[in-house]
Amino acid sequence: MALYTSDWTPINDDTFFRRHELYPMSWAECDWTERTLVCVASSGGPIAVCRDVSNSAVPIMIYNGAGESLGLAKWNGQLAGAGWSDDERLVLVDAAGQVSVYDMFGKMERSLSLGQEVKKFTVESASVFLSHQGTGLAVLCRNQRFYMTTSLEQPLVKKLPDAPGGSGPPSCWVTTADRYRSAVLVAKGLEVSLLEADSKAQPLAITLPAAAQRVTQLVTNRAGDLLAALTDSGHLVLTSLDLRQTFCTVDTGARQPAKQLQWCGSYAVVGYWNSSLLVVNRRGETIKYGLDVPGQLCAECDCIRLVTPYSHELIEQVWSDSVAVFRIGSMDPAAVLVETHREYEKRSHLADEYLRMILTRLNQAVTSCIEAAGHEHNPQVQKLLLRAAQYGKSFVSELDPELFVSTCRYLRVLNSLRHHSHGMPLTMGQLRQMPVPALLDRLMRRRLHFLALRVCRQLQPAPHADQRRVLEAWAKHLVVSSDGEGQAVARQIADRLGSQSGISFADVAKTAIAAGKRGTAIQLLAMEQQARRTVPLLIDLNMCDEALKRAADSGDPDLAHSALLQLRDARGRAEFQMLIRNYPLMQSLYMKYLRSRGQTELVRDGLIQEDDFEGQARLRIAESYKETRVDLRISHLVAAQDCYKKAKNEFWATQTEDQHKLLKYQSSLEESCNREYVGLSLQDTIKQLILSDRHKLADSLRNEYKISDKRFWWTKLLALAEGEQWAELEKFAKSKKSPVGYEPFVDACLEHGSLVEAKKYLPRVNDENKVKYYAKAGLLEDAARIAFEQRDRDALAYVEGLCGPNNRSVLQQIGQYRQTLKP
């Protein structure tokens, strides 16, 4: 019943490895020599090939995993090392310590230097690796010192400590990294050390065979927790990096160093010699494959890829689920389920018999078939296994369908990525470990936007921000790559995306501006709804009028201020002032901004330019109150008076004139009276003169400013009462009939605690207020008598309400008055 797969090779009774071809290569790179550089990116990444690294005139060709050309990179100098970054950028290191970074199409993006010390001693060898902070780089200089940076995005080059074992060159070295640290493993003779920045060298006591004289090769796995060491005696030692466990020591039989040594996942090591590949697992069991052409190994997290001039191959351990299904003679429930489905398709009665054999373990069989399908590269085998799983799960009521559905989705994505035109041979394990945004970034870097959108919709069925990100990246690429410009390109983007896609047309327009496509940028900005995104770009395009109009119509004061300041800096002050004259709202906001910042001269320049005389006058008045010197304050007020006259505002011109006259008068008073008057109001000035017994000066000031009788009487009586000048107050009250009445006299006397003085004015209070004021003065008996004389029952009730327990006589009197007033 079991199927047999011809590319399987057993390493023991239960474990198999398989080596199968992913692609026949489409390139013309068939002649590899010792000078040929082949650099393969991990996770199904691109391949860089340079036929002769000793000649900088030979460009580096870049291909996808199937050998389809992507571009070429031109380089100069003496190449000391090359590798791929975590975001699939080609990193070249020359002997002078200069690092050049290219995209996968061969365009140089940036370069950086490793420092003067590296440049002085020159680079002997270099290693680009995936560090805990991104993409790291370690170099060995000719002074036998190591230098390392753990991030090429923010390079900080550090010198590593000296390795023990003398000052001679190391026999081999390799970089290693885990989630928390990055380091260099160095071997000198039989001594292996771990070098980290800012710490001492750590010797590693690896158990090596007695016949070994030196370690010739070191390699760690992708996770950074396993180590393989090859010695000159041909022994290969597999151990954990912390040395807590040594897995095996195997005699490879080779006395020459391997051309390459790489981990295959975390379960085996693959060594490449001239015409063979040796696979050694952690139990010390081996498999040998022939290889009659040069090749390049690329370690992955779950397998190893082999690139030769003619093919791209995969070597991996066969997963246990696949072994359960396809092993010869297997009676595992999964193998029986596959056979059951085959018989079912033949409409054979054996299907029912086979199904009954595994009915109690059908859940396990379905799961194994689904998992095995995920690890197969042949779509026909995938379909065979998924159909068997679909058939089996119809007989299981409690099986969660999520595994089946997600596996189908992942396989659709994998088969699309593995297509020859895309050349991304990812495995199921790699795809599940890779976040969806990272996968989309890889596709967008390859300019496969439509495929990225399909993958996004497959792995994230609900609308997602990543879909908008893919669409926006497509729009930017279209703008940059298209030959046309203007409305045609913008309309094509709008038709494809629509107004509901959530794409920022302003971001796309920014790309168009950077690409020098002004017409396209203008059309795209016309489609953008958010003024906050549009206005700064319109200013960059020198469309100042449109920018001001958009900012004013937005109703956003922050945006308006930002646009004004950006325009002022871009156009110059004079041109800017002329520009905003056509937008009164924006001009008003700008003037308000200047006032809030205390930039008085700029405010005055704007007001003068607009012939705004009233605004100039108000500014002068505000400035006058900020001055401490009287002469400067007066000069500002005189200037304000002139501005009001130019504005033909006679009222405020008169008021301003009166104010600066008052300031002059107050200044002269201070000089003569040795008392502070400057800054007081007219009323307070008169009050202070009265309090200081300068009544004639107060009268003259009243006459000069034509103060009304009522206002003057109020001011004087309150000042006299405050100064307790009772005789002067009485004299003032008798001078003529009071225009304010005599109630204020009573109030002022009572307020300052003089009941005796208050009684002098009570008889002169108006009749309608006498009861109230007598009561207010506490003369309740007199208040009751006056109310009786006025025959006012309500007034009597008012007085009665004010009486307390101590006013019994008043209450008795009020009672008698009421008896008398009865009708």
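Our subject is the structure listed above.
## Observations concerning the sheet that holds strand β21 (residues 235-240)
- Here we have four strands laid out as an open sheet, ordered β19-β20-β21-β22, and antiparallel in their pairing. With one partner strand each, in any of the chains shown, β19 (215-220) and β22 (246-251) form the two edges of the open sheet. For this sheet, the mean angle separating the axes of adjacent strands, direction not counted, is 15°.
- Relative to strand β20 (residues 226-231), β19 runs antiparallel, the two being bridged by five bridges. Bridged to Q217 within β20 is L230.

## Observations concerning the sheet that holds strand β24 (residues 268-272)
- The strand order β23-β24-β25-β26 describes an open sheet built from four strands, whose pairing is antiparallel. Strands at the two margins of the open sheet, each flanked by one partner only, are β23 (260-264) and β26 (286-290). Direction aside, neighbouring strands of the sheet carry axes that sit 20° apart on average.
- With five bridges joining them, β23 and β24 adopt antiparallel strand pairing. When the sheet's bridge partners are listed, C264 is paired in β24 with A268.

## Focus on the packing of helix α31 (residues 780-789) against helix α33 (residues 808-820)
- Contact geometry for α31 and α33: axes closest at 10 Å, N-to-C directions at 5°. Taken together, α31 and α33 sit at an angle that is classed as roughly parallel. Across from L780, E781, A784, R785 and F788 in α31, the residues of α33 making contact are V810, Q813, I814, Y817 and T820.
- Class assignment for the residues of the contact of α31 with α33 results in six nonpolar, two polar and two charged.

## What about unusual backbone geometry?
- A positive phi angle is found at E88, which is not glycine, with a value near 60°.
- With respect to the element layout, E88 can be found in the loop between β7 (79-84) and β8 (90-94).
- The exposure class of E88 is buried, given its relative accessible area of 2%.
- Despite not being glycine, D198 shows a phi value in the positive range, around 60°.
- Within the secondary structure layout, D198 lies in the loop between β17 (191-195) and β18 (202-204).
- A relative accessible area of 65% places D198 in the exposed class.

What counts, and at which threshold
- Residues numbered from 1 in each chain as written.
- Predicted model: local features only at pLDDT ≥ 70, side-chain atom pairs only at ≥ 80, totals over all residues.
- Heavy atoms only, no water.
- Pairing = 2+ DSSP bridges.
- Helix = DSSP H or I, 4+ residues; strand = E, 2+ residues; numbered from the N terminus.
- Axes fitted to C-alpha atoms, helices over the stretch in contact; angles between N-to-C directions.
- Parallel < 35°, antiparallel > 145°, perpendicular 65-115°, else oblique.
- Contact = heavy atoms within 4.5 Å.
- Nonpolar A, V, L, I, M, F, W, Y, C, P; charged D, E, K, R; others polar.
- Buried < 20%, exposed > 50% of the residue type's maximum accessible area, 1.4 Å probe, protein only.

Functional significance is not addressed by these values, which are geometric in nature.
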